[in-house]
Amino acid sequence: MVHVGVLKALDDSGTHPTMLGGTSFGAVIAALYALCGNAYELEHVVRTQDIGEVWRQGIDFGLHRGAVVHGKRLRDWLDRKFFFGAAFEDLRVPLAVATTDLTTGELVIVDSGPLADAVRASCALPGLFAPVPWRDRWLIDGGFVEPLPFSTLAGGDGVRKLGVHAGVDVRSSRAVRAIRAFNATPYGRAFLARGERVTPRGPLGQIYRGLTISLGSYSRGLRVPDDATLLRVEPSISWWDFHKSPGAILAGERAMRELLGSGFLSEPASKPTAVALP
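Residues numbered from 1 in each chain as written. Predicted model: local features only at pLDDT ≥ 70, side-chain atom pairs only at ≥ 80, totals over all residues. Heavy atoms only, no water.

1. As for the pattern of salt bridges
Right, so step 1: Here the structure, examined in full by the defined rule, presents eleven salt bridges.
Right, so step 2: Residue D76 pairs with R75 through a salt bridge whose shortest N-O separation is 3.2 Å.
Right, so step 3: Residue classification places D76 among the partly exposed residues on the basis of a relative accessible area of 25%.
Right, so step 4: The partner of R137 in a salt bridge is D101, and the shortest N-O contact between them spans 2.5 Å. Here R137, found in strand β7 (residues 137-141), pairs with D101, found in strand β3 (residues 95-101); they are 36 residues apart in sequence, far enough to count as distant.
Right, so step 5: Assessed through its relative accessible area of 4%, D101 is described here as buried. (Salt bridge = Lys/Arg side-chain N within 4 Å of Asp/Glu carboxyl O. Buried < 20%, exposed > 50% of the residue type's maximum accessible area, 1.4 Å probe, protein only. Helix = DSSP H or I, 4+ residues; strand = E, 2+ residues; numbered from the N terminus.)

The structure is reproduced here in structure tokens:
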């Protein structure tokens, strides 16, 4: 939710993002901003949301799809309440959403079709939310390949690339260190190697393949392109902590204002800015 504060500070500076990229919960925020083009309207949506309503409206049986939650009901609720049936072509700000191909483990960037389908796929955590069919693929959370979805941002000269890191700090997380230690053991290496050979055709195969992609991702570091800027926002606040949204938004706003004060916009004002939200 710190993303909202970052976007507010950018809007206030007169530097409105010319493109957005998102993955996981960042895809939700990026999609909402791309749809309305106004950070203050986005803030109102986030501040008034009740996590209880999310679960009440979004829970549907998913074990037959290899997950606790199927996700279709959540997708329909998001589309009905927030996206209003919008497609990428309807957005005010260009958007690309990062997802992961469950079969190959490769990054798949979605930038066309129904907005709700792309967001649902980008938030599909293996075991919790079912993978999402898209064309001839099964898609899951894009953060497993690229925690900060810089690949979603259009390249080229004259584009500022800003990545907002507001999730788990892998440098200090005990859980991440434990996963990395497991991955380095003979059993862990064998588990991941078998998972790479699994074809995710049924529920068990999808769970196993998704779990290996998820665990394997924690052994990779955060990559920031040479032409991009990384903004770390503290403290880390989980996406489901809607009651903490005021503090999270303020933290994002302060961090972005500090970056602006350090000369992030010292180059010509005409230079466009693209933002990646995880």
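So, next bit.
2. Topic: helix α6 (residues 115-122)
Right, so step 1: Extensive coverage of α6 is indicated by the burial of seven of its eight residues.
Right, so step 2: Three or more residues of α6 are buried, namely L115, A116, A118, V119, R120, A121 and S122.

3. A word on helix α9 (residues 203-217)
Right, so step 1: Compared with the 21 Å implied by 1.5 Å per residue over 15 residues, the 21 Å span of α9 between its first and last C-alpha is a close match.
Right, so step 2: For α9, every residue scored as buried is listed here: G205, Q206, R209, G210, T212, I213, S214, L215, G216 and S217.
Right, so step 3: Check the buried side of α9 and you find it contacts β3, β7, α7 (174-184) and α8 (186-197). (Expected span 1.5 Å × (residues − 1). Contact = heavy atoms within 4.5 Å.)

4. Overview of the nonpolar core
Most often, soluble globular proteins have nonpolar side chains that are buried together.
Right, so step 1: Counting residues in each nonpolar core, the largest one holds 65 residues, and the members touching the most others are L20, F83, L95, L162 and M256.
Right, so step 2: The biggest single contributor to this core is helix α2 (residues 25-36), with ten residues.
Right, so step 3: Ignoring sequence-local partners within four residues, the contact set of M256 consists of V6, A9, L10, L162, L231 and F264.
Right, so step 4: If you look at the next biggest cluster of nonpolar residues, it comprises nine residues, including A96, F150, V159 and A228. (Core = buried A, V, L, I, M, F, W, Y, C linked by side-chain atoms within 4.5 Å.)

5. Re the packing of α2 against α6
Right, so step 1: The interhelical angle for the contact between α2 and α6, taken along N-to-C directions, is 160 degrees, at an axis separation of 8 Å. Between α2 and α6, the interaxial angle falls into the category roughly antiparallel. The interaxial crossing formed by α2 with α6 has right-handed handedness. The residues of α6 that touch α2, namely those facing A27, V28 and A31, are L115, V119 and S122. (Axes fitted to C-alpha atoms, helices over the stretch in contact; angles between N-to-C directions. Parallel < 35°, antiparallel > 145°, perpendicular 65-115°, else oblique. Left-handed = near helix turned anticlockwise from the far one by under 90°.)

6. Focus: the layout of surface pockets
Right, so step 1: By volume, the second largest pocket amounts to about 200 Å³.
Right, so step 2: Every residue along the wall of the second largest pocket is listed here: T104, G105, F144, V145, L192, E196, R209, T212, I213, G216 and R220.
Right, so step 3: Looking at the lining of the second largest pocket, the elements that each hand over two or more residues are α8 and α9.
Right, so step 4: Among the elements that make up the lining of the second largest pocket, the one with the highest residue count is α9 (four residues). (1 Å grid on protein atoms, 1.4 Å probe; cavity = no way out; pocket = protein on both sides within 12 Å on 5 of 7 lines; lining within 4 Å. Points joined across faces, edges and corners; volume = space filled by probe spheres on them.)

7. Re the packing of aromatic side chains
Right, so step 1: Under the counting rule described, the total for this entry stands at four aromatic pairs.
Right, so step 2: Ring centres of W77 and F82 lie 5.5 Å apart, and the angle between their planes is 85 degrees; this geometry places the pair in the edge-to-face category. We note that W77, like F82, is buried.
Right, so step 3: When the ring of F191 is compared with that of Y208, the centres are 4.9 Å apart and the planes differ by 45 degrees; the resulting orientation is tilted. (Phe/Tyr/Trp six-rings, centres within 6.5 Å; stacked < 30°, edge-to-face > 60°.)

8. A closer look at the environment of V119
Right, so step 1: For V119, the location among the structural elements is in helix α6.
Right, so step 2: Note: C-alpha distance between V119 and D141 (22 residues apart in sequence) is 9.3 Å.
Right, so step 3: Beyond its immediate chain neighbours, meaning those up to four positions away, V119 contacts A27, V28, A31 and F83.

9. Considering unusual backbone geometry
Right, so step 1: Although it is not a glycine, F84 sits at a positive phi angle of roughly 55 degrees.
Right, so step 2: Position of F84 relative to the elements: it lies in the loop between α5 (72-83) and β3.
Right, so step 3: Its identity as a non-glycine residue notwithstanding, R135 has a phi of 55 degrees, on the positive side.
Right, so step 4: Locating R135 in the fold gives a position in the loop between β6 (132-134) and β7.
Right, so step 5: In this structure R135 comes out as exposed when scored by relative accessible area, which is 66%.

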